[in-house]
Amino acid sequence: MSSLFQQLSDSMAETVAAVSPSVVRVEARRRLPCTGIAWSADIVVTSNHGVEQEENIYVGLQDGTRAAAQLVGRDPANDLAVLRVPGGAMTPAQWGSDPALKVGQLVLALGRPSESIQATLGVVSALVAGARKIEDAPKKRNRRRMGQVLMDGYIQTDVVMYPGFSGGPLLSGDGLFYGLNTSGFNAGVSISVPVTTIRQTVATLLAHGKMKQGYLGVGVQPVRLPASVAKQVEQEAGLLVVSVESASPAEAVGVLVGDIITALDGQTTETVDELLLMLHGERVGRTVALELVRGGQPISLQVTIGERS
């Protein structure tokens, strides 16, 4: 038994040593630095909340050297930020694919808030797919919130997130990275942003410098549907339109104050958060079905999603 334990222990240490060059220190705030991951030779992905300043940013490498970095862009909804290290020669991380990670697998969270690599062990406790709002956190006054605290799905683990670990990788037994760890959502659990989301964010920020956000141009508030209407649309609530902006996509297709939005592009909209999650960058420019209740009757309009400036 002790031999098996020693083998596992040695294997974990060897794996950490092998990937260590791809884990960097990010100096972008006055207090303790956070961690980053070398996406390519000159690109680092890290946590958005760990990048508090947009100038005088430095990246610390495994050999102890520091390199100046530039902020490329931010994705507050997923607590991600991308940095560029001009002339960088970092060792790019090797990433796994989301379906390969399973609940119950052992994982390591790595961090480099100082010069040396650090690690903590845990298991994958949940894989949450699709756009969600993290609601586990207690309601505290002045609690930090990243954007609307919205994510495109996440990995939940029981690893201990030590100070400065945000922005570091989630490492599985195959020696590949499967997520970026973050404490930025204050959800009371350890959260990792999955690799699919990271890829999308990095690609968008490198191409555009910002994340696209969809735009309808309506002000809404949740409302319960009358029983007869609820039976027709097979849901109990919707979003009452209380304002329509001039020259907006909603105005262009004839959305009126008093309409109740029940679905967008085939997905129900019972809360404001659900509507905001649907207005992600991939829907910008697309023409989709907007389901409404008007005068007690369901109707459908075709609306082209705009981009919020």
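Residues numbered from 1 in each chain as written. Predicted model: local features only at pLDDT ≥ 70, side-chain atom pairs only at ≥ 80, totals over all residues. Heavy atoms only, no water.

**Student:** How should I be thinking about the nonpolar core in this particular structure?
**Tutor:** Side chains of nonpolar character tend, in soluble globular proteins, to be buried together. If you look at the biggest cluster of nonpolar residues, it comprises 21 residues, and the most contacted ones within it are Ile37, Val45, Trp95, Leu110, Leu171, Phe177 and Ile198. Among the secondary structure elements, those contributing two or more residues to this core are α1 (2-19), β3 (43-47), β6 (80-84), β7 (106-111), β11 (177-182) and α2 (195-208). Considering every element that reaches this core, the biggest residue donor is α2, with 4 residues. Counting 17 residues, the second-largest nonpolar core is a separate cluster that includes Val220, Met278, Leu290 and Val303. (Core = buried A, V, L, I, M, F, W, Y, C linked by side-chain atoms within 4.5 Å. Buried < 20%, exposed > 50% of the residue type's maximum accessible area, 1.4 Å probe, protein only. Helix = DSSP H or I, 4+ residues; strand = E, 2+ residues; numbered from the N terminus.)

**Student:** Looking at this model, I keep getting lost on α2. Mind explaining?
**Tutor:** An α-helix turns once per 3.6 residues; consequently, residues spaced three or four apart project the same way. A rise of 1.5 Å per residue sets the reference length of α2, with its 14 residues, at 20 Å; its end C-alpha atoms lie 20 Å apart and thus fit the reference within 8%. The complete set of buried residues in α2 reads Val195, Thr197, Ile198, Thr201, Val202 and Leu205. Angular distribution of buried residues about the axis of α2 spans 150°; they occupy a single face of the element. (Expected span 1.5 Å × (residues − 1). Arc of directions from axis to C-beta.)

**Student:** Explanation requested: the environment of Val223 in the structure shown.
**Tutor:** Its location among the elements puts Val223 in strand β14 (residues 218-224). Along the primary structure Val223 and Gly238 are separated by 15 residues, whereas in three dimensions their C-alpha atoms are 5.6 Å apart. Among all residues touching Val223, those that are not within four sequence positions of it are Glu236, Ala237, Gly238, Leu239, Leu240 and Ile260. (Contact = heavy atoms within 4.5 Å.)

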